[in-house]
Amino acid sequence: MPEIKVTPLGAGQDVGRSCILVSIGGKNIMLDCGMHMGYNDDRRFPDFSYITQNGRLTEFLDCVIISHFHLDHCGALPFMSEMVGYDGPIYMTHPTKAICPILLEDFRKITVDKKGETNFFTSQMIKDCMKKVVPLNLHQTVQVDDELEIKAYYAGHVLGAAMVQIKVGSESVVYTGDYNMTPDRHLGAAWIDKCRPDMLITESTYATTIRDSKRCRERDFLKKVHESIERGGKVLIPVFALGRAQELCILLETFWERMNLKAPIYFSTGLTEKANHYYKLFITWTNQKIRKTFVQRNMFEFKHIKPFDRSFIDNPGPMVVFATPGMLHAGLSLQIFKKWAGNEKNMVIMPGYCVQGTIGHKILNGQRKLEMEGRSTLEVKMQVEYMSFSAHADAKGIMQLIRMAEPRNVLLVHGEAAKMGFLKGKIEQEFSIDCYMPANGETVSVTTNPSVPVDISLNLLKREMALGGPLPDPKKPRTMHGTLIMKENSLKLVSSEQALKELGLNEHQLRFTCRVQLQDPHSDPDTLHRIYTHLKSVLKGYTIQHLPDGTVMVESIVIKVSSSAEDTNTKVLLLSWSYQDEELGSFLSTLLKKGLPAGIC
Amino acid sequence: MDRECVSLLPRVCEVLRGSGSSLPDDTSLEKLLDWFTGLTEAGGSVQETCPCLLEFISAVVLKTSSDPGVICFTLKLSGLIASTEHGFKTLQGSVLDMAFNPQHWRDAGLWEDPCIRIGWIQGLRNMLQHSKAFTFFVQADFIVPLLQLQTDSSLFVASAANQTLAHTLVFFQPGGNGTFKDHGKVERTQTSISDEEPFSQDYSSVLGTISQFLKESLLPKENTGLHQSQQVLKLLALLLARARQPLRDKLLGTVADSLQELVAAGYSQLTPPLMDIILAAYSSSSTDDCVPDQRVTRLLSSMLNITKPSDLIGAAAAFLRGGRHHQDTVHTAWAVRILLLPLHIVTGQTLLGTDTTVEEHRFSIAEKLKIKTSCVSMICVCLTHTPPITLMPGDLLPCPPVSILTAVLSLLRIVSGDSSSLSSGCSEVFRNLVGSGKVQKCALEVLTGLSSSPGMKDKQTEVVTVLIQYLNNPDSDPTVIHKSYQALLKWMSVCEDVSSLTDNFKQDLIDVVKKRVCDMRWEVRDSTVEFLGKLAGVLKQGEETCGALLGGCWSTPLLREALQDPESYVRASAISALAQTLEPSWHQGAAVTQGQTDIVTRLLEILSQDTEAFARRAVVQYFIAWFSSRSSHTSPLSSPSSSSSSSSSSLRTNSVSSVLSLGSADLDWEVKVHTLELAELLMDEACSGHRGYRKGSDTPPALRHPYAVISARPLGEGAESDLAGALRNLVEQGVVWALLSGLVDCDRPVGLKACQLLITLRDTVCPRPPPGASPATAAASKVSCELPGCGWGREIRKIPGMKRLDRVKEADVAHRTRCGEVGIERTSEGGDSVCVSVCDILSSLGLDEKLDELSQSSDHVHNSALSLLQDILTASAAHTQQDTEPGQEVIVDCY
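Residues numbered from 1 in each chain as written. Chains lettered and ligands numbered in written order. Predicted model: local features only at pLDDT ≥ 70, side-chain atom pairs only at ≥ 80, totals over all residues. Heavy atoms only, no water.

Asks: In this structure, what is going on with the overall build of chain B? I would like to understand it.
Replies: The number of helices and strands found in chain B is 46 helices and four strands. Relative to its full complement of 895 residues, chain B shows a buried share of 56%. Taking the contacts inside chain B whose residues are at least 6 apart along the sequence as the reference set, 74% of them involve residues at least 24 apart. Carbon and sulfur atoms provide 52% of the accessible area of chain B, an area that totals close to 36,400 Å². (Helix = DSSP H or I, 4+ residues; strand = E, 2+ residues; numbered from the N terminus. Buried < 20%, exposed > 50% of the residue type's maximum accessible area, 1.4 Å probe, protein only. Contact = heavy atoms within 4.5 Å. Areas by Shrake-Rupley, 256 points an atom, 1.4 Å probe, with all protein chains shown as cover.)

Printed below as a string of structure tokens:
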């Protein structure tokens, strides 16, 4: 039976680095190629040796698809393509292709900063990798090869995030990547066709959470920033180069405008320009409101948000600063943090998750005394706030997507095992479909019933019609008899005569023969006649003939009689029939084995 | 072990023991285990230093209600502790039996979790380092569950089981020299493995069980399918690659017949693992200088005669890839013929000559080539192996290497739809190949590889013609164009005389490059611009031909145009390419043209205005290229004003201050590092030849001890004033500012580079005077520079040593207006700037301590074991708090 196999190398019951292998219709596809930021060695990348030895990835994989620009989804791509060696096609949307290198560069910097990090890609490798990427447009079917096609759908999560449908023949898989079912300040909600895939591979980050309205979180965020500014404090928001930083910028910009606030807002490392550039370029990927207002005013041209200069750190008075990197590992955000941490009027807002080994992780867990270089201690007096602004579908959103796509099976990735388990139960109960949650390295196989399209010859249809059959109707399947021939990769049902003609073959008749021994003390012609009479009485309604050449024929079955050389009373009956009359032939041989009734003359 | 860590461990163990749910960070346990592994490998005894670990292991094993991740960690840790005989004895007395008893975990309903199975296998693997552990392994009959796990549903479990099985047989094999190197990890010595009777009995029994298993499981059964055979083959490959005699012989003896049967069965999926085994056996037997085992040779012959075409090609390719073909000329020649056959069929080139030995496969291969998917993959495999084939001795080849090149070229023509190639070869296959990007890319890469094969030079014109056709072809995708450029460069670089190329070719090349540099796709524009840069590099190697191809410098205007490209990658490539095309005259202080001045002005604009770092980095590198190649005749200490205003030296000198000030104020760390590299070049130039100056800043600090002999030559008056002049130049050019601002930068690589350079400068211009002598560099010590009152200037002044200096200077405010001997005035925005002697600054910054600090990883404090333990504790406390007070839960989401 044809089957679809899914093996997560990453994101199987975890949220480290997404990398999922799908095998469908003889094609092998890698979905996302992410990096785990919590490791400083090769463990941060998926272990590609499980796919194939000797780096023969190009031979094995038909394509790689990247759902969006977050590093846990694309961070290992240059490693795979330029260092392990993969030369096949890589697909991602236009915005993802544009933004990916910025985040990869951002992370490359961190690795250089951490001494002793080896085996990491260079800027040139990032560029060379990006040059291999084939960009995708939404809702456009892209033919990877003659059989494999992919189609991207809007996922909402970040600018350019896409869900992707993979199709080989009539089998299909949908991979959601990260997605969001509710629109936010700059992005719309995810949407997909009712495409009824054989398998829906969905993220499940918020598998058990029903998230409060984003409005509440936004109000809370603005209130906290405002309070801090009012009391003369400084607010630090560590962010990654692109993503939720833009959403928070829009939020603050609008608030500043409305409240007529004067405190400066800064954004580090010239990223505002860059972000503006991309958001302008990819305005079609933002939500309706932004697109509508774009004509009058570009939401990403900020009046209040100015580029940051290092010398501003010590400026007196309140200010808000967005600085990279987002987990307070190193660089400017860390430098500002160290300077401001000692003042209780200041505040740091962590808008996302931080991995272990970073200061972000420590302060999120409530550590207030941090050991710094040279055994010195930094006392964190500033207010520490965590506000998750990541845009993932919550439990309700995931169910909504399943309802939208109507898959035959669901497979959960990108989430914690316990939470997945809960959601799995809910999905199976509500939709009565199978739901899987493989751990990394485990393979899930589902069998499919692909419908194979077959052309039917007109002659065959006409013949069927002539026999009084109904007109062909796609809604009413029925059985057709004919010869199935495969020519140039397509299947055709034709009459056997046409098949012989098309294939240039001669017709052969297949006949079955069998010998039956019979005790009958008569001459051979008499025995034959006795058989004729017997069959005449038994087989009513059949054509039975006693032919002059010394044979009896029942339909196509030929019966001959001869005597045994040793014993003339033992007659050997030779039966022969064509395969169309197989049933009758078998019946006759069984009947004759029983002997002839005594009363026949 | 750190005392603080030891004191925290009991509490950490308690937290881990108590955690019923996953830890907030899934990497914590692995990092904790890394730390213990490091300690063990360094010879420490983890269980003695931290007795609480034993208690922790017992508790987790007995309780079984911990999180599976914690149990997995515990099993691995137990194995680690038991990897020494002493640790083993300690654990054996308590929980070792229970911890590694699979039934114990099955009873607890946990064995189903792959995490537990992985922990069990890796724990065993960690432990199996000495004979006592081996005996334990045998007595507990662990071989049975381990063999079962070999075909586990989890890839990770199955692979770990295979590794452990292979380790067990190989590590304990008799007759070895007692060392086993495990994937680059620490080399362990089998000190305790003896040839004692019970041990060898145990080994034989394990070997017997595994051999029996291999024999029985190699051939696929109805219910297991090919999966089990694949796994067994993987195990065999691992074993044969590492086994010595007599183990290898025994293994081969056991499986040879089954392998032969498997080869005969012709399962396509098993071809690669079968070839892996044959090659593993082949190469390990050859390394012992033995004649390859007859059984292996027979297997190889069978593999190279499989009837299925794609398997046959795969086997031949694997054999050549294996690299052992030098000793086996018969099979090599055969494999070569097989790999050339598809090319022979497709292109109609007579690659096989009159040789008819592979004729029997011709029909089946030709038929397979008529199917699109198999055609493309088969052709690619064959193509990939052609470059090494052309390097083989002639007697192994059925044709001269140049014929192979001709075939590749003709294939490239076919794929691009060139109808003139359709006359020969197999037309039914053509339609499968025309337009195939995969074949195009593969063939172009092969073409690049073939450039260095013997006897190819005559074909150069034909090669470049095909490549230019590819560059011209509107259907070529960006990767194909990129690879065409690479091939073209390679062929031009191996060419002895570029001028031998015809004028037509040159014009065609110029035309296509002009077209492609304006392509719609940035990838194509970038590859084109990169090509121009590299081409200049290639052509520079043969100076006389430079003019021939770059006649009229046609590429420079194109590159100047590309500086305006909307894509920053292209702008950056254009700048790098311009640096490559810097003409020798630029380096020699010749007069500059308006065009050259314009380029420099444009580059400075980019450095100050471009929003993307790639372009700005390239600008600084351009100046580095320009400065590093300047001719040696320029006096290192010449004052900028002494140069003629129209010369390239003058242009360079005028631009350097701008580059340094813009570059060191940049927001991108790499721009800053490159700026410091430029500063280093200027320092090299100014100070080389002076006492104590070490070119290059990478001298390890250990070599710079205070009593190092610096120079025996007494420093004359003239040299001393030169030194002062040099330092003054460095101040004027902005080098000292760049170094000082870099020192307090927030990015560690920038700070480190600046610190290294400042130390070099300090040791050159203001070395500590020998006791009793008068300061020899009095003139240099008078050179001062201004420190701005804000920004980095303020940071510098906050350094403890500098505060003292600042106080002295504050008393002398008037001094501020006339800065230093050279009287340069700099204005700064806000804050009071002060003038300080450079030598005073350099000696007050505490550079040596700073270097120690910066040489460490920026996360060394927070990635330490102590920090990890603290994180586990605080995370657990935060988790407990969240249970009581409702707060926002930190959910692991994305980054």
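Past the structure itself, the notes keep going.
Asks: Quick question: what am I supposed to make of the overall build of chain A here?
Replies: Helix and strand content of chain A: 17 helices and 30 strands. Taken over the C-alpha trace, chain A has a radius of gyration of 37 Å; the compact-globule value for 601 residues is 25 Å, which it surpasses by more than 25%. Principal-axis analysis of the C-alpha atoms gives chain A an extent of 130 × 50 × 45 Å. Counting the 601 residues in chain A, one finds 58% classified as buried. Accessible surface, chain A: about 25,100 Å² in total, of which carbon and sulfur atoms supply 52%. Considering chain A, the positive charge centre built from 71 side chains and the negative charge centre built from 67 side chains are found 7 Å apart. (Rg over C-alpha atoms; globule rule 2.2 N^0.38 Å. Lys, Arg positive; Asp, Glu negative; His and termini not counted. Charge placed at Lys NZ, Arg CZ, Asp CG, Glu CD.)

Asks: Would you take a moment to explain the pattern of salt bridges for this structure?
Replies: Pairing is possible between side chains that carry opposite charge, provided their charged atoms lie close to one another. All names here are of chain A. In total, this model carries 59 salt bridges over all chains according to the counting rule given. D314 serves as the salt-bridge partner of K339, at 3.6 Å between the closest nitrogen and oxygen. Separated by 25 residues along the polypeptide, K339 in helix α10 (residues 331-340) and D314 in the loop between β14 (305-307) and β15 (319-323) bring together distant segments of the chain. Taking relative accessible area as the criterion, K339 reaches 30% and is therefore assigned partly exposed. In this structure, E428 and K424 form a salt bridge, with 3.3 Å as the shortest nitrogen-oxygen distance. With E428 and K424 both in helix α13 (residues 417-431) and four residues apart, this pair spans about one turn of that helix. Taking the relative accessible area as the measure of exposure, E428 reaches 28% and is therefore partly exposed. (Salt bridge = Lys/Arg side-chain N within 4 Å of Asp/Glu carboxyl O.)

Asks: Which parts of the structure should I look at to understand helix α12 (residues 155-171) of chain B?
Replies: For the α-helix, the turn length of 3.6 residues means that residues three or four positions removed from each other point alike. Along its 17 residues, α12(B) runs 24 Å from first to last C-alpha, staying within 8% of the 24 Å computed at 1.5 Å per residue. Counting buried positions along α12(B) gives 14 out of 17 residues, so the element sits mostly inside the fold. (Expected span 1.5 Å × (residues − 1).)

Asks: Please explain the interface of chain B and chain A as it appears in this structure.
Replies: It is common to give the size of an interface as the accessible area lost on bringing the parts into contact. Contact with chain B, which involves 79 residues of that partner, is made by 91 residues of chain A. Three residues stand out in chain B for area buried against chain A, namely H862(B), D893(B) and Y895(B), and they jointly supply 13% of the buried area on that side. Connecting chain B to chain A are 16 salt bridges. In this structure, the salt-bridge partner of R617(B) is E105(A), at a minimum N-O distance of 3.1 Å. At the junction of chain B and chain A, the tally comes to 28 residue pairs in polar contact (both at pLDDT 80 or more). It is helix α46 (residues 865-884) of chain B that provides the largest number of residues to the side of chain B that touches chain A, a total of eight residues. For the side of chain B that touches chain A, the residue count by class is 22 nonpolar, 25 polar and 32 charged. (Buried area = accessible area lost by both parts, 1.4 Å probe. Polar contact = N/O pair within 3.5 Å; in protein donor to acceptor, adjacent residues only side chain to side chain. Nonpolar A, V, L, I, M, F, W, Y, C, P; charged D, E, K, R; others polar.)

Asks: Help me out: how do you make sense of the sheet that holds strand β7 (residues 141-143) of chain A in this one?
Replies: Within a beta sheet, neighbouring strands are joined by backbone hydrogen bonds and run either parallel or antiparallel to one another. Residue and element names in this part refer to chain A. If you trace the seven strands from one edge of the open sheet to the other, you get β7-β8-β9-β10-β11-β20-β21, paired in mixed fashion. One side of each edge strand has no neighbouring strand; the edge strands of this open sheet are β7 and β21 (434-436). Strand-to-strand twist in this sheet, taken as the mean axis angle between neighbours without regard to direction, amounts to 20°. In terms of strand pairing, strand β10 (residues 171-175) meets strand β11 (residues 199-203) through three bridges, oriented parallel. Bridge pairing in β11 links Y175 to I201. With respect to the sheet, α13 is in contact with β20 (409-413) and β21, its orientation differing from that of β20 by roughly 165°. (Pairing = 2+ DSSP bridges. Axes fitted to C-alpha atoms, helices over the stretch in contact; angles between N-to-C directions.)

Asks: Teacher, can you tell me more about the environment of L433(B) here?
Replies: Residue placement: L433(B) occurs in helix α24 (residues 427-433). Non-local contacts of L433(B), meaning those with residues more than four positions away in its chain, are made with V346(B), C375(B), I379(B), L411(B), V415(B) and V439(B).

Asks: Would you take a moment to explain the side chain of T111(A) for this structure?
Replies: Residue and element names in this part refer to chain A. As for its position among the elements, T111 is in helix α4 (residues 94-113). You can call T111 buried: its relative accessible area is 4%. A polar atom in the side chain of T111 sits 2.6 Å from the backbone oxygen of R108.

Asks: Help me out: how do you make sense of helix α17 (residues 582-593) of chain A in this one?
Replies: All names here are of chain A. Helix length check: α17 (twelve residues) gives 17 Å between terminal C-alpha atoms against 16 Å at 1.5 Å per residue, within 8%. Of the residues making up α17, those classed as buried are L584, G585, L588, S589, L591 and L592. The arc that holds every buried residue of α17, seen down its axis, measures 165°, which confines them to one face. Turned more than 90 degrees away from the buried face of α17 sit E583 and K593, all of them exposed. Where the residues of α17 are buried, they touch β26 (511-519), α16 (524-538), β28 (551-554), β29 (557-563) and β30 (570-578). A positive backbone phi angle near 95° is found at G595, which sits one or two residues after α17. (Arc of directions from axis to C-beta.)

Asks: Before we go on, may I ask you to explain the pairing of strand β3 (residues 27-31) of chain A in this structure?
Replies: Every other side chain in a regular strand lies on the same face of the sheet, so the side chains alternate between the two faces. Residues and elements named next belong to chain A. β3 sits mainly inside the fold: five of its five residues count as buried. In β3, alternate side chains face the same way, and those of K27, I29 and L31 on one face and N28 and M30 on the other are all buried. Two elements, strand β2 (residues 19-24) and β3, share five bridges in a ladder whose sense is antiparallel. The residue bridging I20 from the neighbouring strand is L31, located in β3. Here β2 folds back onto β3 in antiparallel fashion, the turn holding two residues, of which G25 has a positive phi close to 50°. Where β3 meets strand β4 (residues 63-65), three bridges bridge the pair, whose relative direction is parallel. Its bridge partner lying in β4, M30 is registered against V64.

Asks: Any chance you could explain a nonpolar patch on the surface here in plain terms?
Replies: A cluster of nonpolar side chains, V452(A), V454(A), I456(A) and L484(A), forms an exposed patch at the surface whose accessible area comes to about 320 Å². By the secondary structure assignment, V452(A) is in the loop between β22 (444-447) and β23 (454-456). (Patch = residues over 30% accessible without salt bridge, like charges linked within 9 Å, V, L, I, M, F, W, Y side chains within 5 Å.)

Asks: How should the nonpolar core be read in this particular structure?
Replies: What tends to happen in soluble globular proteins is that the nonpolar side chains get buried as a cluster. Within the largest apolar cluster, 425 residues are counted, with the highest numbers of intra-cluster contacts made by F221(A), F337(A) and F623(B). No other element matches the eleven residues that helix α19 (residues 329-347) of chain B contributes to this core. Leave out the neighbours within four places in its chain, and F221(A) touches I237(A), L248(A), L251(A), L252(A), I349(A), M387(A) and F389(A). Counting 29 residues, the second largest nonpolar core, distinct from the first, contains A11(A), V22(A), I201(A) and V446(A). (Core = buried A, V, L, I, M, F, W, Y, C linked by side-chain atoms within 4.5 Å.)

Asks: So what exactly am I meant to see when it comes to the packing of aromatic side chains here?
Replies: Aromatic ring pairs are reported here in terms of the distance separating the ring centres and the angle at which the planes meet. Residues and elements named next belong to chain B. This structure, assessed with the given rule, holds 36 aromatic pairs over all chains. Geometrically, the ring pair formed by F134 and Y203 is tilted, given 6.1 Å between the ring centres and 35° between the ring planes. One end of the pair, F134, is in helix α10 (residues 131-139); the other, Y203, is in helix α13 (residues 197-217), with 69 residues separating them in the sequence. Site record: aromatic cluster; members linked through ring pairs are F88, W111, W120, F134, F136, F137, F142, F171, F172 and Y203. (Phe/Tyr/Trp six-rings, centres within 6.5 Å; stacked < 30°, edge-to-face > 60°.)

Asks: Would you mind showing me how to read the packing of helix α23 (residues 401-415) of chain B against helix α25 (residues 437-450) of chain B here?
Replies: Each pair of packed helices can be described by the angle between their axes along with the distance between the axes. Residues and elements named next belong to chain B. At a minimum axis distance of 10 Å, the contact between α23 and α25 shows a crossing angle of 150°. Judged on the interaxial angle alone, α25 and α23 are roughly antiparallel. In the packing of α23 onto α25, the handedness of the crossing is left-handed. Side by side, α23 and α25 meet where L405, V408, L409, L411, L412 and V415 of the first sit next to V439, Q440, A443, L444, V446, L447 and L450 of the second. Grouping the constituent residues of the contact of α23 with α25 by class yields twelve nonpolar, one polar and no charged. (Parallel < 35°, antiparallel > 145°, perpendicular 65-115°, else oblique. Left-handed = near helix turned anticlockwise from the far one by under 90°.)

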